[in-house]
Amino acid sequence: MSKIKCLCAYITAAVMVAGIIFSGSAAPGESSTSLGISGEITKSEISSNRSAQPEPSAVSVRGFGTDGYEKKLENGRLEVWFDSKNDTIRIKDKSNGYVWGALAGKTGNGLNKSWSNFANSICSVSYYNPNNQEARISMADINVRAAYDWGSDFVNCSFNASKLGISFSFTMRLKEDSISFEMEKDSLSETGKAKLKSIYFIPFFGSAYQNEIDGYVLLPDGCGALMRFSKSSTYLNGFDERIYGNDAGIDSIVETSSLNANRINEYLVPANTVTVPVFGVAHGVNQNAYLAVIEDGEEYASVMASPAGLTTDYNWACARFDYRQIYNQSSSVEAAGIPTVQKDANKVTPKISYYFLSGDKANYSGMANLYREFLTENKVLKAQEAGGDIPMRVEVAGSTLKKGFIFNSLKILTTTREAENILSTLHDDGVSNIKSVYRSWQKASADGIKYGKIKVSRRLGGISGLRALKKSADSCGGRLYLYLDPVYANEKQVYKSSDVAINISDSFISKDSMNKDQLFPTKYFAKVSRYKKYFNAYSSKMKNFDFAVGNIGSILYSDYSNEASFSRTEAKNQITDILKKSDSAALYNPNSYCWKYAEEYFDMPMANSQYLFETDTVPFLQIVLKGSINYYSQFLNQGYCSHNTILKMIEYGMYPSYIVMAADNYALSKTAMTDYFSLNFDDWRSDMAKTYAYVNKALSSVEGSTIVSHSVLRQGVVRVKYSNNTVIYINYNAEDITADGVTVPAGNYIVAAA
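Calculation rules
Throughout this document, residue positions are counted from 1 along each chain, in the order its sequence is written. Residues qualify for local features only when their pLDDT is at least 70, as the model is predicted, and side-chain atom pairs are given and counted only at 80 or more; totals for whole chains, interfaces and linings, by contrast, use all residues. As a convention, hydrogens and water are excluded, and side-chain values are obtained from all of the structure's heavy atoms. What counts as a helix is a DSSP run of H or I of at least four residues, what counts as a strand is a run of E of at least two, and both are numbered from the N terminus. As a reference, a globule follows 2.2 Å times the number of residues to the power 0.38, and the radius of gyration itself is taken over C-alpha atoms. We call two residues contacting when some pair of their heavy atoms lies within 4.5 Å. Only the protein chains shown count as cover for residues, and all accessible areas are computed by the Shrake-Rupley method using a 1.4 Å probe. Under the counting rule used here, the positive set is Lys and Arg, the negative set is Asp and Glu, and His together with the chain ends is not counted. Here the site of a charge means NZ on Lys, CZ on Arg, CG on Asp, or CD on Glu. Think of it in three bands: residues with accessible area under 20% of the maximum for their type are buried, residues over 50% are exposed, and the middle band is partly exposed, with areas taken using a 1.4 Å probe on protein chains only. Definition of a polar contact: a pair of N or O atoms within 3.5 Å, with one able to donate and the other able to accept a hydrogen when the atoms are protein atoms, and with sequence-neighbouring residues admitted only if both atoms are side-chain atoms. The salt bridge criterion pairs a side-chain nitrogen of Lys or Arg with a carboxyl oxygen of Asp or Glu, the two atoms within 4 Å. The pairing criterion is simple: DSSP has to find at least two bridges between the two strands. Every axis in this analysis is a line fitted to C-alpha atoms, fitted for helices over the stretch in contact. Angles between the N-to-C directions lie between 0 and 180 degrees. Ring pairs shown here join Phe, Tyr and Trp side chains whose ring centres sit within 6.5 Å, with only the six-membered ring taken for Trp; geometry is labelled stacked below 30 degrees between planes, edge-to-face above 60, and tilted in between. Only Lys NZ and Arg CZ are tested; either one counts as a charge over a ring when it is within 6 Å of the ring centre and within 35 degrees of the ring normal. We call two directions roughly parallel when the angle between them is under 35 degrees, roughly antiparallel when it is over 145, roughly perpendicular when it lies between 65 and 115, and oblique otherwise. Crossing handedness is defined as follows: a turn of the near helix away from the far one that is anticlockwise and smaller than a right angle gives a left-handed crossing, while the clockwise case is right-handed. Each residue gets one label: Ala, Val, Leu, Ile, Met, Phe, Trp, Tyr, Cys and Pro are nonpolar, Asp, Glu, Lys and Arg are charged, and the others, such as Gly, are polar. Our working definition of a disulfide is a cysteine sulfur pair at a distance within 2.5 Å.

Draft legend 1. Main features of the overall build of the protein. Looking only at helices and strands, the protein features twelve helices and 45 strands. For a compact globule of 754 residues, the expected C-alpha radius of gyration is about 27 Å, and the protein comes in at 27 Å, within 12% of that figure. Counting only C-alpha atoms, the protein reaches 75 × 70 × 45 Å along its principal axes. Sequence separation of 24 or more characterises 68% of the internal contacts of the protein that already satisfy a separation of 6 or more. When the accessible surface of the protein is totalled, it reaches about 30,700 Å², and 46% of it is carbon and sulfur. Charge centroids of the protein, computed over 78 positive and 77 negative side chains, lie 5 Å from each other.

Draft legend 2. Spatial organisation of the side chain of Gln622. In this fold, Gln622 is placed in helix 10 (residues 620-625). Residue classification places Gln622 among the buried positions, given a relative accessible area of 0%. From its side chain, Gln622 meets the backbone oxygen of Pro605 in a polar contact 3.3 Å long. In this structure, Gln622 is in contact with Cys223, Met604, Pro605, Tyr631, Tyr652, Met654 and Ile707, ignoring residues within four places of it in sequence.

Draft legend 3. The arrangement of the pattern of salt bridges in detail. In the structure shown here, the tally under the stated rule is 29 salt bridges. Of the charged contacts, one joins Asp577 and Lys580 as a salt bridge, the two residues approaching to 3.7 Å between their closest N and O atoms. Highlighted residues: Asp577 and Lys580, both in helix 9 (residues 568-580), separated by three residues, approximately one helical turn. Note on Lys580: relative accessible area 52%, which makes it exposed. Ionic pairing is found between Asp740 and Arg719, a salt bridge with its closest N-O pair at 2.7 Å. Here Asp740, found in the loop between strand 43 (737-739) and strand 44 (742-744), pairs with Arg719, found in strand 41 (residues 717-722); they are 21 residues apart in sequence, far enough to count as distant. With a relative accessible area of 48%, Asp740 lands in the partly exposed category.

Draft legend 4. Region of interest: the sheet that holds strand 36 (residues 598-602). With parallel pairing, the eight strands of this open sheet are ordered in space as 38-36-35-34-30-29-26-39. Single-partner strands in this sheet number two, and they are strand 38 (630-631) and strand 39 (657-660). Where strand 35 (residues 585-588) and strand 36 come together, four bridges link them in parallel fashion. The residue bridging Ala585 from the neighbouring strand is Ala598, located in strand 36.

Draft legend 5. Spatial organisation of the pairing of strand 6 (residues 123-128). Among the six residues of strand 6, six are classified as buried, and the element is accordingly described as predominantly covered. The side-chain alternation of strand 6 yields two buried faces, one formed by Cys123, Val125 and Tyr127 and the other by Ser124, Ser126 and Tyr128. In this structure, strand 6 lies alongside strand 13 (residues 195-201), joined through six bridges in antiparallel fashion. Bridge pairing in strand 13 places Tyr127 opposite Leu196. Pairing of strand 6 with strand 7 (residues 134-138) involves five bridges; the strand directions are antiparallel. Across the sheet, residue Tyr127 finds its bridge partner in strand 7, namely Ala135.

Draft legend 6. Here's a closer look at the sheet that holds strand 5 (residues 98-100). Overall, antiparallel pairing links the four strands, which are arranged 2-3-4-5 in an open sheet. On the outer flanks of this sheet lie strand 2 (70-74) and strand 5, each paired with one strand and no other. Strand-to-strand, the axes of this sheet are offset by a mean angle of 25°, without reference to chain direction. Bridging between strand 3 (residues 78-83) and strand 4 (residues 88-93) involves six bridges; their strand directions are antiparallel.

Draft legend 7. The arrangement of the packing of aromatic side chains in detail. Applying the stated rule across the entire model yields 50 aromatic pairs. Centre to centre, the rings of Phe279 and Tyr290 are 6.5 Å apart; their planes meet at 80°, and the pair counts as edge-to-face. With a gap of eleven residues between them, Phe279 in strand 19 (residues 278-283) and Tyr290 in strand 20 (residues 288-296) connect regions that are remote in the sequence. Each member of the pair, Phe279 as well as Tyr290, is classed as buried. Seen from the ring of Tyr631, Lys626 lies directly overhead, with NZ or CZ sitting 5.5 Å from the centre.

Draft legend 8. Layout of the packing of helix 11 (residues 643-652) against helix 12 (residues 681-699). At a closest axis distance of 9 Å, the pairing of helix 11 and helix 12 adopts a crossing angle of 30°. Here helix 11 lies roughly parallel to helix 12, going by the angle between them. Helix-helix and strand crossings are classified by hand; for helix 11 and helix 12 the assignment is right-handed. Each of His643, Ile646, Leu647, Met649 and Ile650 in helix 11 lies in contact with helix 12, whose residues at this interface are Thr691, Tyr694, Val695, Ala698 and Leu699. Grouping the amino acids of the contact of helix 11 with helix 12 by side-chain chemistry returns eight nonpolar, two polar and no charged.

Draft legend 9. Spatial organisation of the state of the cysteines. Counted under the stated rule, the structure contains zero disulfides. With no disulfide of its own, Cys157 lies 8.4 Å from the sulfur of Cys123, the closest cysteine sulfur.

Draft legend 10. Summary view of the packing of helix 5 (residues 416-428) against helix 6 (residues 462-475). Put simply, helix 5 and helix 6 touch, their axes get as near as 9 Å, and they point 5° apart. Here helix 5 lies roughly parallel to helix 6, going by the angle between them. Between helix 5 and helix 6, the contacting residues are Thr416, Ala419, Glu420 and Leu423 on the first element and Gly465, Leu466, Ala468, Leu469, Ser472 and Ala473 on the second. Of the residues in the contact of helix 5 with helix 6, the class split is six nonpolar, three polar and one charged.

Written out as structure tokens, the structure is:
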């Protein structure tokens, strides 16, 4: 089943296409009611799962006991207790005495023996039997021979399901404030007809029976989502998302669509890609929590979360490491292909660590701060310089292809000289820090030039025009990036045999749009081996220019091309090797392995995927990255942008983004950019200047600082504390609200000292 959400953009799009400009944002400083948006609609937004919700009244949460368990490991912060009869553990946090575990007893409420074994066991596996049917077995099962060799701060564990012919070893290790599980490299043995599918470590750890306790699961969905513990209800599915998104080399890649949609699918968007290998669980309000970090094998891992009522009456979450999956093998008999199990296991060595938090750090803010510290220690993130005005992203469309009766033609949208004028005009309007991206600057446009070829369009201004534009961007206090996309290409740009990646079924990897009226409805995925040649060519020919690189940081796939195959892990390494050699690159919604090399983070999500079981959207990503990487919203002039959106940018510490052109909007008709509704700069100039001034007034006071905490004081009133002792209060309500002794105007914000 496709996981989709609808954008409320159709009406706005129709108005824009008709040539009427409707920005959808209030003048800075005005409340949302000035837009004709009623307070009731605003309340609907802030009470939905697109916003963070207030915490319930604090009630002390009681953990498990340790009766029947033996203490095996201990350090200054944690104790590990073990029940050899049920192959299960409990962890005591000595900072507050809280004991974590899975089930309260040998069996859970309403769980059969198989589910109870799965829930309690330190390790479980799923496998394919000879009939390609999936089954599951756990360490507590009588058919598994489990062995434990305890050391001073670790235990070596062996899992042996002899009847299946599946065995392996792993280590559980106690660290200062965490416990980790790591597969022993090359220990997997498969000697029978069963084939290992997946491995799980402590899958029900921190689970909660219905809503017996207050708490939630933190999910890496969008910028961050909470699944609060709740009573059992009816759900069609839980959260089961592959880290770094689907693998186009083996997964079916289709455009998002809906059988219930009356329109073509460009107004539907897919669920967010998981860009960060973490999840978390909190018990009680600011009492107990852990953050699970997948430290190895994340390319083949998924984060799972199940709300009470889906399969059990428990709320639970875990990581699943996939060694195999079923794919559709191409067949001349079956159009859809024949379901086939992967022959060879993925080369993966799972490692996951659980970091424990207590007190006022035991919440999503504490989890995000912990992860930022983890990334800083591993030299992924570094601190920015403090002070200065915020940046604004301005992308400028240079050219595009226009559909012709026989041949397509080049349509000029913005020359380099016109782009210079746009930047200088904005600078004169008070936008003092512009990060500009010049798109489709190549001869024949970005959609017309052959893959990997480098020719600058003379009609746009040529190489001298690009140099002048770069100089102009620098003089306006900003920076110029040239846009590249080494991942996607259309059929006119590639030689399939040499340029296009191959999937496991020996077919070219492509993605088809249901809208056949698009100029190029099919996108092809480039061979991973072509990335390096592509970048080397551009870096050599376009020296002294920086690049904004589309898709390479957000799409990860295996490539089964005969001459140069790449596993998903090898593809990730290829990408990071390329980015290492780049002086600076702007990336679009990049996966976490690219953050070390990202100068700018474009298109950061501002919401979760709005699954029914998700209760809150929280700024987990923003808390992790604030003060280390500049991050920007999606284009504010595409789709519906309310004053609440601008307030949310301030709440999240995000910078505004626009895409514009010098040409009139009707120039986009019947072109490769027909999906863009309104780009004319003159139409958006006033909005851009006002939005920048409004956001800059708030966020310039915290430039270079990190977010210490994010909390909802009451519905629609948010407090964000920064490391420089600045506090920003945001009020989404239609009336003034007083919080912490500070009166925040309706639909506005206040910057105060802590």
